[in-house]
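# Examination of the molecular architecture
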Amino acid sequence: MARVQDVVCGMTVDTDIASHKSNYKDRTYYFCSPGCKTAFEGEPEKYVSNPAGGRENRND
Ligand SMILES: [Zn+2]
């Protein structure tokens, strides 16, 4: 079980039960709802460049 942050809305999402997820740049992002997933996939750079959690924000 792992908890990650939904970068769109900032909610904490449990990866065991999250059914909304998307892969971007070799990372998997989890979302609380299809709406957040759609928003992320529409403009992923917007969210990964400014994550709500502010962690692991590395750009090589
Ligand atoms: Zn969300």
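Our structure is the block above this text.
The following paragraphs examine the structure supplied in this document. (Residues numbered from 1 in each chain as written. Predicted model: local features only at pLDDT ≥ 70, side-chain atom pairs only at ≥ 80, totals over all residues.)

Another aspect to go through is the overall build of the protein chain. On a plain count of helices and strands, the protein chain comes out with 2 helices and 4 strands. Its helices and strands in sequence order give the protein chain the pattern β-β-β-β-α-α, from N to C terminus. Each of the 60 residues in the protein chain was classed as buried or not, and the buried ones make up 18%. When contacts within the protein chain are restricted to residue pairs at least 6 apart in sequence, long-range pairs at least 24 apart make up 32% of them. (Helix = DSSP H or I, 4+ residues; strand = E, 2+ residues; numbered from the N terminus. Buried ≥ 20, exposed ≤ 12 C-beta atoms within 10 Å, placed from the backbone. Contact = placed C-beta atoms within 7 Å.)

Grouped together as the largest cluster of nonpolar side chains are 9 residues: Val7, Val8, Val13, Tyr29, Tyr30, Phe31, Cys36, Phe40 and Tyr47. Of all the secondary-structure elements, those providing two or more residues to this core are β4 (27-31) and α1 (34-42). Ranked by the residues each element gives to this core, the list is headed by β4, at 3 residues. Every residue in contact with tyrosine 29, bar those within four places of it in the chain, is listed here: Val7, Lys21, Ser22, Tyr24 and Phe40. (Core = buried A, V, L, I, M, F, W, Y, C linked by C-beta atoms within 7 Å.)

What follows covers α1. Every buried residue of α1 is listed here: Cys36, Lys37 and Phe40. Take α1 and look down its axis: the buried residues cluster within an arc of 100°, on one side only. Residues Pro34, Gly35 and Gly42 are exposed on α1 and point more than 90 degrees away from its buried face. On its buried side, α1 packs onto β3 (20-24), β4 and α2 (44-48). (Arc of directions from axis to C-beta.)

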